[in-house]
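# Structural overview for review
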Amino acid sequence: MGKDKPSNFLFDIISSDLKSGKHAGRVLTRFPPEPNGYLHIGHAKAICLNFGLAESFGGKTNLRFDDTNPVTEKTEYVESIRNDISWLGFGWAGEYYTSDYFETLFSYAIQLIEKGLAYVDDSTPEEIASGKGTPTEAGLPSPYRNRGIAENLDLLQRMRKGEYKDGEKVLRAKIDMASPNMHLRDPIVYRIKHASHHRTGDEWCIYPMYDFAHGQSDSIEHITHSICTLEFEIHRPLYDWFIESLEIYPSQQYEFARLNLNYTVMSKRKLLELVEGNHVSGWDDPRMPTISGLRRRGYTPESIRHFCDMVGVARREHVIDIGQLEFAIREDLNIKAQRAMVVMDPIKLVIQNYPDGETESLQSENNPNAENKGGFRDLTFSKELWIERADFMETPSRKFHRLAPGQHVRLKSAFIVRCESFSKNEKGEISEVVCTYFPESKSGSDTSGIKAKGVIHWVSTMQAIPVEIRLYDRLFREEFPLKGTADFKESLNPDSLRIIERALAEPFLSQTRPGDHFQFLRTGYFCTDPDSVDGKPVFNRTVGLRDAWSRQQKQ
RNA sequence: UGUCCCGUAGUGUAACUGGCAACACGUCUGAUUUUGAUUCAGAAGAGUCCAGGUUCGAGCCCUGGCGGGACAACCA
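Note that this is a predicted model, so its numbers are computed, not measured.

A tally of helices and strands in chain A yields 13 helices and 25 strands. Computed over the C-alpha atoms, the radius of gyration of chain A is 31 Å, more than 25% above the 24 Å expected from 2.2 N^0.38 for a compact globule of 555 residues. In terms of overall dimensions, chain A has C-alpha extents of about 100 × 55 × 45 Å along its principal axes. The burial tally for chain A puts 51% of its 555 residues in the buried class. Side chains of chain A give 71 positive and 80 negative charges; the mean places of these two sets differ by 4 Å.

In structure tokens:
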């Protein structure tokens, strides 16, 4: 399945580069996260592309932390990023940090000055901003634009030595203040930041800007294809300008459209806002589109990689329906997940013709869709069972295939029962259903000749264990949370988490470990949460089963 | 009144150097089913933003519109 990945424009570019011998038959890509937040599903797409493309051409991929802004970056993020990439199943050739290149980058700056292509500007940030002009009006040259080379060199060294305060001076490339591309209007190359860096500590007080770091870092590593998202497209002329001016290895940048999903947000800044505002429990909250959130939710690496293959790559902006992601995980878990029966909202079912105090052992397949049905496990059957409240109706609609007075139903992997009567509590809720069972209708050896229209799940009251279930729904109730409201947090779905404190489950679930995947029969896929403690497992709903019945009900 | 990018079924992605638009998800039927799941079979749904042009022939090439997006952080 999915053996042939559909072709895409990046694949085509690399193919033809290889054919033309452009990089001497070499393919080296890189994944360049800034360690200022956790990776999300959008990054997964970039990871799959960079690693996947390289892999399909026998090339390699570097991991490079783009750490040029010490005030937002942390080692905690470095670790989570490394962990997430490995978890997705990718291994990187070299692990680098842009900060490893600070000294080289500084020497590049000197070269630029010596070539008359950079100058130190004493203007204030406001002056620089206004001097840039607008997209439709040319900018004005800075009064410091024509400083001599020697003076520039001296000033840059003194910037490095820490003789100036933040913002007092910057180094700018001398390109073209009238360029229609704003990024070419003498972009800032180095700025002063007296801030401690997560790796270089206080060694530096000047830091290179993205544009002066990224392309050169690619070049230093001899990256052949530098793949990034569309918003950097307009930076490409600058990327090329630095490489040409410095006469260094000509890495090439290619852009693709970033992944967007409906009913969620996909920017690190916004995700950080959700974390810091306690709208979620953390970066790995199962409702987050982060890789760690998806992992905790129960998504598998395979499902995420397959999803990334399915959505493809192109240069046009798009929004993928979250249903596509759900399809990917259902498809994977269908063949992998152990089945179990868990009653979420229990009512008691009493079998009037079953002997008091007796039990019998029945067998049920662990996964009917896996090879050899995944083996079998034992279930304990008895006179009193828990069944789902929703599986009984006092006055059923015509198409209701479950329990109702006089109606037959099969208890999964057990017997057919017929509903004889029921009782209600003071509040008028169903409290108990009384049935008779047909001993000769035992699953696998049914000779009763009785046909049951439906099958329901159950668990024996004496053996059942209590478990906590966390039912997750989409984090936002708006398809496009950013549209229409001033604050995207107003679109948060108040019902994105519903906790069932005490569901009743098959006893073998007491043995589960965090990260285990299950399909709770007729309900959905679930994953054991790290919050589980001995005697009280906690399960996150990854995704519900497809449900033609409820869809039909809604219509 | 600027520059650049993009425009193919509801969604997303294909269509080798032009040869009567394909795949996936979704939707709808029907069959099977001890999960109203899965599986299987089938159907509907675009004539490729619009208008011209080149060509025997254009989603692919050209021109002009229209529509969407990006660009003025000492962020990446």
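So, about the nonpolar core. Formed by 47 residues in total, the largest nonpolar core has its most connected members in Ile41, Ile85 and Phe307. Among the elements of the structure, helix H1 (9-20), helix H2 (41-56), strand S2 (60-65), helix H3 (75-88), strand S9 (252-256), helix H10 (291-297), helix H11 (301-311) and helix H12 (322-336) are those that each provide at least two residues to this core. When residues in this core are grouped by element, the largest group, 9 residues, is from H2. Residues from two domains meet in this core; each of domain 1 (9-258) and domain 2 (268-338 + 467-554) gives at least three.

Take the protein's contact with RNA strand B next. Every one of the 66 residues lining RNA strand B counts as a neighbour, but Thr68, Glu317, Arg339, Ser443 and Gln519 are closest to it. Close to the protein, within 4 Å, the atoms of RNA strand B are drawn from sugar and phosphate at a rate of 64%. In this structure, Gln324 approaches RNA strand B through a side-chain N or O atom, which is 3.3 Å from a sugar or linking oxygen. The contact in question runs from a base oxygen of RNA strand B to an N or O atom on the side chain of Arg410, over 3.0 Å. Among the elements of the structure, strand S6 (188-192), H11, H12 and helix H13 (548-554) are those that each provide at least two residues to the surface near RNA strand B. Class assignment of the residues belonging to the surface near RNA strand B gives a composition of 25 nonpolar, 22 polar and 19 charged.

So, on to the packing of aromatic side chains. The tally for this structure, following the rule as stated, stands at 28 aromatic pairs. Judged by centre distance (5.4 Å) and plane angle (85 degrees), the ring pair of Phe381 and Trp458 falls under edge-to-face. Placement of the pair is Phe381 in strand S14 (residues 376-382) and Trp458 in strand S20 (residues 458-460), with a sequence separation of 77 residues. Comparing Phe381 with Trp458 shows no difference in burial state: the two are buried. Aromatic side chains Phe520 and Phe526 sit 4.4 Å apart centroid to centroid with 20 degrees between the ring planes, which places their arrangement in the stacked category. Across this residue pair, the class does not change: Phe520 and Phe526 are buried. Members of the aromatic cluster, joined through ring pairs, are Phe102, Phe106, Tyr190, Trp204, Tyr207, Phe212, Trp241 and Phe242. If you follow Arg474 out to its NZ or CZ, it ends over the ring of Tyr263, 3.8 Å from the centre. Directly above the aromatic system of Phe480 lies the positively charged group of Lys483, at a separation of 5.0 Å from the ring centroid.

Taking strand neighbours across the sheet as the criterion, the 7 strands line up as S19-S16-S17-S18-S12-S15-S20 in an open arrangement whose pairing is mixed. Only two strands of the sheet have a single neighbouring strand rather than two, namely strand S19 (455-456) and S20. Bridge analysis of strand S16 (residues 408-411) against strand S17 (residues 416-424) gives 3 bridges, and the strand direction is antiparallel. Following the sheet pairing, His408 is matched in S17 by Arg418.

So, on to the packing of H1 against H2. It is at 11 Å that the axes of H1 and H2 come closest, and there the two elements cross at 35 degrees. With respect to the hand of their crossing, H1 and H2 are arranged in right-handed fashion. Where H1 abuts H2, its residues Leu10, Phe11 and Ile14 lie against Leu49, Leu53 and Ser56. Here the contact of H1 with H2 is built from residues that sort into 5 nonpolar, 1 polar and no charged.

Another aspect to go through is unusual backbone geometry. Of note, His222 is a non-glycine position whose phi angle comes to about 55 degrees, a positive value. Summarising the element assignment, His222 is placed in the loop between helix H7 (210-220) and strand S8 (225-229). Take His222: its relative accessible area is 37%, and that puts it in the partly exposed class. Even without being glycine, Arg522 reaches a positive phi, approximately 65 degrees.

If you trace the backbone, Asp284 turns up in the loop between helix H9 (268-276) and H10. Its relative accessible area of 30% is what places Asp284 among the partly exposed residues. Considered as a pair, Asp284 and Ser421 are 137 residues apart in the sequence and their alpha carbons are 47 Å apart. Once residues within four sequence positions are removed from consideration, Asp284 is found in contact with Thr290, Ser292, Gly293 and Arg296. In this structure the side chain of Asp284 is engaged in a polar contact, spanning 3.4 Å, whose partner is the side chain of Arg296.

This part covers the domain arrangement of chain A. Taken as a whole, chain A is organised into domain 1 (9-258), domain 2 (268-338 + 467-554) and domain 3 (342-457). Just the C-alpha atoms count here: the centres of domain 2 and domain 3 sit 29 Å apart. Each partner contributes to the interface: domain 2 provides 22 residues, whereas domain 3 provides 20 residues. Here domain 2 packs against domain 3, burying approximately 1700 Å² in sum over the two surfaces, 53% of which is carbon and sulfur. Three residues, Leu504, Arg522 and Trp549, lead the burial of domain 2 against domain 3; their summed loss comes to 37% of the area buried on that side. Summed over the shared surface of domain 2 and domain 3, the result is 2 salt bridges. Here Arg377 ties to Glu506 by a salt bridge, and the two come within 2.8 Å at their closest N and O atoms. For the interface between domain 2 and domain 3, the tally reads 10 residue pairs in polar contact (both at pLDDT 80 or more). Looking at the side of domain 2 that touches domain 3, the elements with two or more residues in it are H12, strand S21 (465-472), strand S22 (497-505) and H13. Taken together, the residues of the side of domain 2 that touches domain 3 sort by class into 14 nonpolar, 4 polar and 4 charged.

Scoring rules and cut-offs
Here the residue numbers are simple positions, counted from 1 along each chain's written sequence. Both sets of labels track the order of writing: A upward for chains, 1 upward for ligands. Residues qualify for local features only when their pLDDT is at least 70, as the model is predicted, and side-chain atom pairs are given and counted only at 80 or more; totals for whole chains, interfaces and linings, by contrast, use all residues. Here the side-chain values reflect all heavy atoms present in the structure, with hydrogen atoms and water set aside. Starting at the N terminus, helices and strands are each numbered in turn, a helix being any DSSP run of H or I of at least four residues and a strand any DSSP run of E of at least two. The globule rule used for comparison is 2.2 Å times the number of residues to the exponent 0.38, while the radius of gyration itself is calculated over C-alpha atoms. Per-residue accessibility, obtained with a 1.4 Å probe over protein chains only, is compared with the maximum for each type, and a residue is labelled buried under 20%, exposed over 50%, and partly exposed between these values. Positive charges come from Lys and Arg, negative ones from Asp and Glu, while His and the chain ends are left out of the count. Note that the charge is assigned to NZ on lysines, CZ on arginines, CG on aspartates and CD on glutamates. Remark: nonpolar core denotes a set of buried residues (Ala, Val, Leu, Ile, Met, Phe, Trp, Tyr, Cys) joined through side-chain atoms within 4.5 Å. An automatic or database domain assignment provides the domain bounds reported here. We call a residue near a given molecule or strand whenever any one of its heavy atoms falls within 4 Å of it. Here a polar contact means two N or O atoms within 3.5 Å. Within protein one must be a hydrogen donor candidate and the other an acceptor candidate, and residues neighboring in sequence count only if both atoms are side-chain atoms. When residue character is reported, Ala, Val, Leu, Ile, Met, Phe, Trp, Tyr, Cys and Pro are called nonpolar, Asp, Glu, Lys and Arg charged, and the others, Gly included, polar. Two aromatic rings, drawn from Phe, Tyr or Trp (for Trp, its six-membered ring), form a pair once their centres lie within 6.5 Å of each other, and the interplanar angle then sorts them: stacked below 30 degrees, edge-to-face above 60, tilted otherwise. A ring has a charge above it when a Lys NZ or an Arg CZ is no more than 6 Å from the ring centre and no more than 35 degrees off the ring normal. Pairing between strands is defined by DSSP: at least two bridges between the two strands are required. Here an axis means a line fitted to C-alpha atoms, over the contact stretch when the element is a helix, while the angle between two N-to-C directions is reported on a 0 to 180 degree scale. By the definition used in this description, the sense in which the near helix is turned from the far one sets the handedness, with an anticlockwise turn below a right angle giving left-handed and a clockwise turn giving right-handed. Only heavy atoms matter for contacts: two residues are in contact if any of them lie within 4.5 Å across the pair. A simple way to read buried area is as the amount of 1.4 Å-probe accessible surface that goes missing from two parts once joined, with both sides added. We define a salt bridge as a side-chain nitrogen of Lys or Arg found within 4 Å of a carboxyl oxygen belonging to Asp or Glu.

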